[in-house]
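Summary of the model geometry
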Amino acid sequence: MSPSLPDLIGTAAAVCSMASFTPQIAKIWRDKDASSISLRMYVVTVTGFALWTAYGFLTRSWPVAAANTVCLILSGVILSLKWRFRGR
């Protein structure tokens, strides 16, 4: 069975969303500087991904749960790096 157009678009959207965090993580890690990262924005982002992940599990929408779990982890990494490199 070949994937439908909505499945292909959804997969592409999930991959883009997940991949969007990696350049920021790499830059923060390389520079050891997260001063330009908004703490409030990432607290809200992490909260949003946590809620989307819960929604995905509660509705048994595994693509939603899986993609948002990855985004939750990656945005959580950025948030933890923000705290780790604070004051530098």
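Residues numbered from 1 in each chain as written. Predicted model: local features only at pLDDT ≥ 70, side-chain atom pairs only at ≥ 80, totals over all residues. Heavy atoms only, no water.

**Overview of the nonpolar core**
Inclusion rule: Each nonpolar core is a collection of buried residues, namely Ala, Val, Leu, Ile, Met, Phe, Trp, Tyr and Cys, held together in the definition by side-chain atoms within 4.5 Å. The buried label goes to any residue with under 20% of its type's maximum accessible area, the exposed label to any with over 50%, and the partly exposed label to all in between, with areas taken from a 1.4 Å probe on protein chains only. Working definition: helices are DSSP H or I runs of at least four residues, strands are E runs of at least two. Numbering for both runs from the N terminus.
Core analysis: the biggest nonpolar cluster contains 14 residues, and Phe21, Ile25, Ile28, Ile37, Tyr42, Ile78 and Leu81 have the highest contact counts within it. The set of elements that each furnish at least two residues to this core consists of helix H2 (22–31), helix H3 (39–58) and helix H4 (62–84). At five residues, the largest contribution of residues to this core is made by H4.

**Some thoughts on the side chain of Ser75**
Put simply, the test is: Any pair of nitrogen or oxygen atoms within 3.5 Å is treated as a polar contact; in protein, a donor-acceptor pairing is required on top of that, and neighbouring residues in sequence qualify only through side-chain atoms on both sides. We call two residues in contact when some of their heavy atoms are within 4.5 Å.
Tracing the backbone through its elements, the reader meets Ser75 in helix H4. We classify Ser75 as buried; its relative accessible area is 0%. Side-chain polar atoms of Ser75 contact the backbone oxygen of Leu72, separated by 3.3 Å. Non-local contacts of Ser75, meaning those with residues more than four positions away in its chain, are made with Phe21, Tyr42, Thr45, Val46 and Phe49.

**Points about the packing of aromatic side chains**
Condition: Whether two aromatic rings pair depends on their centres lying within 6.5 Å, for rings of Phe, Tyr and Trp, where Trp uses its six-membered ring; planes under 30 degrees apart make the pair stacked, over 60 edge-to-face, and the rest tilted.
In this structure the tally under the stated criterion is four aromatic pairs. Ring geometry for Trp52 versus Tyr55: centroids 5.5 Å apart, planes at 90°, classification edge-to-face. Taken together, the residues Trp52 and Tyr55, both in helix H3 and three residues apart, mark about one turn of the helix. Relative to Trp62, the ring of Phe57 lies with its centre 5.6 Å away and its plane at 65°, an arrangement referred to as edge-to-face.

**As for a nonpolar patch on the surface**
This is how it is decided: Two distance rules govern patches: like charges are joined within 9 Å, and nonpolar side chains (Val, Leu, Ile, Met, Phe, Trp, Tyr) within 5 Å, applied only to residues with over 30% relative accessible area and no salt bridge. The Shrake-Rupley method, run with a 1.4 Å probe sphere, supplies the accessible areas, and residue values consider only the shown protein chains as cover. A carboxyl oxygen of Asp or Glu within 4 Å of a side-chain nitrogen of Lys or Arg is what we treat as a salt bridge.
A surface patch of nonpolar side chains, about 310 Å² in accessible area, is lined by Leu5, Leu8 and Ile9. In this fold, Ile9 is placed in helix H1 (residues 5–19). When its relative accessible area of 53% is taken as the criterion, Ile9 is described as exposed.

**Structural notes on the pattern of salt bridges**
All told, the structure shown has two salt bridges when counted by the stated rule. Asp31 is paired through a salt bridge with Lys27; the nearest N and O atoms lie 2.8 Å apart. Placement of both Asp31 and Lys27 in helix H2 is noted, with a separation of four residues, approximately one turn of the helix. Accessibility expressed as a relative area gives 42% for Lys27, which makes it partly exposed. What emerges from the salt-bridge pattern is a single network uniting Lys27, Arg30 and Asp31.

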